[in-house]
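# A structural walkthrough
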Amino acid sequence: MKKRIMKWLSESNRWKHLAGGFVLGMANSGLYGAALTSLTAASCLEYKDKAWGGKWDWTDWTLTIVGGVLGAAIRTLI
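This text gives an overview of the structure that appears in the document. Within any chain, residue numbers begin from 1 and follow the written order of that chain's sequence. Per-residue local features are limited, in this predicted model, to residues with pLDDT of at least 70; the limit for side-chain atom pairs, both in listing and counting, is 80 or more; totals at the level of whole chains, interfaces and linings are taken over all residues. The basis for every side-chain value is the complete set of non-hydrogen atoms in the structure, without hydrogens or water.

## Considering the packing of aromatic side chains
Stacked, tilted and edge-to-face pairs are distinguished by plane angle, under 30 degrees for stacked and over 60 for edge-to-face with tilted covering the rest, among Phe, Tyr and Trp rings (Trp via its six-membered ring) whose centres lie within 6.5 Å. Summed over all chains, the structure comprises two aromatic pairs. A ring pair is formed by Trp58 and Trp61, whose centres lie 5.2 Å apart and whose planes are at 80°; its orientation type is edge-to-face. Here Trp58 and its partner Trp61 are both found in helix H4 (residues 58-77), three residues apart, which amounts to about one turn of the helix. Taken together through their ring pairs, the aromatic side chains of Trp56, Trp58 and Trp61 make up a single cluster. Counting from the N terminus, the helices are DSSP H or I runs at least four residues long and the strands are E runs at least two residues long.

## Concerning the pattern of salt bridges
For this analysis, a salt bridge means a side-chain nitrogen from Lys or Arg found within 4 Å of a carboxyl oxygen belonging to Asp or Glu. Enumeration according to the criterion identifies three salt bridges in this entry. In this structure, Arg14 engages Glu11 in a salt bridge whose closest nitrogen and oxygen atoms are separated by 3.3 Å. With relative accessibility at 37%, the residue Glu11 sits in the partly exposed group. One network of salt bridges, in which partners are shared, links Glu11, Arg14 and Asp60. The buried label applies to any residue whose accessible area, calculated with a 1.4 Å probe on protein chains only, is under 20% of its type's maximum; exposed applies above 50%, and partly exposed to all values in between.

## Re helix H3 (residues 31-51)
Multiply 1.5 Å by the residue count of a helix minus one, and that product is the helix's expected span. In a regular helix each residue adds 1.5 Å, so 21 residues correspond to 30 Å; H3 covers 30 Å between its end C-alpha atoms and thus fits that length. Residues of H3 that are buried: Ala34, Ser38, Ala42 and Glu46. Along H3, the residues classed as buried sweep out an arc of 80° about the axis, all on the same side. Residues of H3 that are exposed and angled more than 90 degrees away from the buried face: Tyr32, Cys44, Tyr47 and Ala51. Of the surrounding secondary structure, the elements contacted by the buried residues of H3 are helix H2 (14-27) and H4. Positive phi shows up at Gly53, right after H3, with a value of about 95°. Regarding the arc, it is the one traced by the directions from the helix axis to the C-beta atoms. By definition in these notes, contact holds between two residues if any of their heavy atoms fall within 4.5 Å.

What is shown is where atoms sit, not what they do.
If you want it as structure tokens, here you go:
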């Protein structure tokens, strides 16, 4: 199970999207700000990929936002 998750996260640099969202979430003071910042960053990243001839990846987009919300939640708990 662990190998499958690690393989899935390594596809399309998904772990970078999760980690980047997490950093954004930790940098914000509230859940709303973290979600909005992560949503904006995720949309910009995916637009950049599409503009350079790639495709919009909804999984990467979602992982960036999930990382931001997780970062904000952990910051709130600390």
